[in-house]
Amino acid sequence: MAKGNYKSKILLVEDEETLAIGLRYNLTEENYRVVWAKDGREALKYFGSQSFDLIILDIMLPYYDGFEVARRIRKKSPQMPILMLSARTAVKDRVTGLEIGADDYLTKPFHLEELLARIKGMLRRKMWYRELTSAQPIYSFGDIEINFENLSCRKGKREFRLTPLEAMVLKYLIDHKGKIVSRKELLEKVWNIGSKVETRTIDNFIMRLRKYLEPDPAKPVYIKSVRSAGYIFSDTKVSSLPK
């Protein structure tokens, strides 16, 4: 590809110099514009002064760790794609990253091809979600109002914010209201077919959405399970579903 015809601009936040230099070189070869931040403080400084399409964010950083950087970025830019990197394989780190609002999580060491695939998938999801929400950014049902542009949600007097992936899952279910959506379909359409997300992760996202939205999460009326098939969304409180 001819240099100068750049695809997207990426903020790379990584304190391991050898890895960062290699990633910056390879991403530039793929025609991404790359800005390298060596620590959490520098990352927030660049983010506050420049525009980016995606952030690659290491967890173990000087000054502010990746979790704190992600939290601060999410407050200013709810839809910014964030790919977290970590040498730590603990499940709680992955869960923490996703709950904060990371769109994906890659464990070191990783193959360059996998990183590039994740980046492409995240940028595609960003465009898909933007197009999906442009016609109807706000959706209401029951005592709930969801703003899919800034990811804010109001349920009665309580206000909170969805993570980008929570919003994408919910938006997909709403757009297929009354139809059974399988876990495989959510993996393909929301996470991208090449992602290695397990179906259990889908169930965890559904559990969180129910906690936010349902009058009684143990007895869901909006997002219901269909045994061996998937999930179905209804914006009215239905009592019976296909078996």
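Residues numbered from 1 in each chain as written. Predicted model: local features only at pLDDT ≥ 70, side-chain atom pairs only at ≥ 80, totals over all residues. Heavy atoms only, no water.

Chemist: I would appreciate a short explanation of the overall build of the chain in the present structure.
Modeler: A count of helices and strands for the chain gives eight helices and twelve strands. Looking at the chain residue by residue over its 243 residues, the buried ones come to 49%. Contacts in the chain between residues far apart in sequence, at least 24 positions, make up 55% of those at least 6 positions apart. Total accessible area on the chain is roughly 12,500 Å²; 50% of this is exposed by carbon and sulfur atoms. (Helix = DSSP H or I, 4+ residues; strand = E, 2+ residues; numbered from the N terminus. Buried < 20%, exposed > 50% of the residue type's maximum accessible area, 1.4 Å probe, protein only. Contact = heavy atoms within 4.5 Å. Areas by Shrake-Rupley, 256 points an atom, 1.4 Å probe, with all protein chains shown as cover.)

Chemist: Before we go on, may I ask you to explain the confidence of the model for the chain in this structure?
Modeler: Where the model shows low pLDDT, its predicted coordinates should not be examined in detail. The share of residues in the chain with pLDDT of 70 or more is 88%, and the mean pLDDT across the chain is 85. The low-confidence segment residues 238–243 (pLDDT under 50) makes eight contacts with residues lying over four places distant or belonging to another chain. (pLDDT = per-residue confidence, 0-100.)

Chemist: I tried to follow empty space enclosed by the protein on my own but got confused; where do I start?
Modeler: Any empty space left between atoms is shown by rolling a water-sized probe over those atoms. Here the structure, examined in full by the defined rule, presents one cavity of 30 Å³ or more. Approximately 80 Å³ is the volume found for the largest cavity. Gln-79, Pro-81, Asp-103, Met-122, Arg-125, Lys-126, Tyr-129, Leu-151, Pro-164, Ala-167 and Met-168 are the residues that line the largest cavity. For the lining of the largest cavity, the elements supplying multiple residues, two or more each, are helix 5 (112–134) and helix 6 (164–175). Among the elements that line the lining of the largest cavity, the one with the most residues is helix 5, at four residues. Each residue belonging to the lining of the largest cavity can be placed in one class, and the counts come to seven nonpolar, one polar and three charged. (1 Å grid on protein atoms, 1.4 Å probe; cavity = no way out; pocket = protein on both sides within 12 Å on 5 of 7 lines; lining within 4 Å. Points joined across faces, edges and corners; volume = space filled by probe spheres on them. Nonpolar A, V, L, I, M, F, W, Y, C, P; charged D, E, K, R; others polar.)

Chemist: In this structure, what is going on with the sheet that holds strand 10 (residues 180–181)? I would like to understand it.
Modeler: Within a beta sheet, neighbouring strands are joined by backbone hydrogen bonds and run either parallel or antiparallel to one another. Pairing is antiparallel in the open sheet, where three strands are placed in the order 10-12-11. Unpaired on one side and paired on the other, strand 10 and strand 11 (223–226) mark the two borders of the sheet. In this sheet, strand 12 (residues 230–233) lies alongside strand 11 in antiparallel orientation, the contact comprising four bridges. Note that in strand 12 the partner of Val-226 across the bridge is Gly-230. Where helix 6 meets the sheet, its contacts fall on strand 10, strand 11 and strand 12, and the angle it forms with strand 12 comes to roughly 70°. (Pairing = 2+ DSSP bridges. Axes fitted to C-alpha atoms, helices over the stretch in contact; angles between N-to-C directions.)

Chemist: In this structure, what is going on with the side chain of Arg-210? I would like to understand it.
Modeler: Mapped onto the elements, Arg-210 comes out in helix 8 (residues 199–213). No salt bridge is formed by the buried Arg-210, whose closest oppositely charged neighbour, Glu-214, lies at an N-O distance of 5.0 Å. Contact partners of Arg-210, with chain neighbours within four places excluded, come to Pro-217, Pro-220, Ile-223, Lys-224, Ser-225 and Tyr-231. (Lys, Arg positive; Asp, Glu negative; His and termini not counted. Salt bridge = Lys/Arg side-chain N within 4 Å of Asp/Glu carboxyl O.)

Chemist: Which parts of the structure should I look at to understand the pairing of strand 3 (residues 54–58)?
Modeler: For a regular strand, side-chain orientation follows a simple rule: the groups alternate between the two sheet faces. Within strand 3, five of the five residues are buried, which leaves it mostly tucked inside the rest of the structure. Neither face of strand 3 is open: one carries Leu-54, Ile-56 and Asp-58, the other Ile-55 and Leu-57, and all of them are buried. Examined bridge by bridge, strand 1 (residues 9–13) and strand 3 share four bridges and lie parallel to one another. Opposite Leu-12, over in strand 3, you have Ile-56 as the bridge partner. Note that strand 3 and strand 4 (residues 82–86) share four bridges and pair parallel. Its bridge partner lying in strand 4, Asp-58 is registered against Leu-85. Chirality of the crossover, the property in question, places the unit of strand 3, helix 3 (residues 66–76) and strand 4 among those that are right-handed. (Right-handed = clockwise from strand over helix to strand, strands pointing away.)

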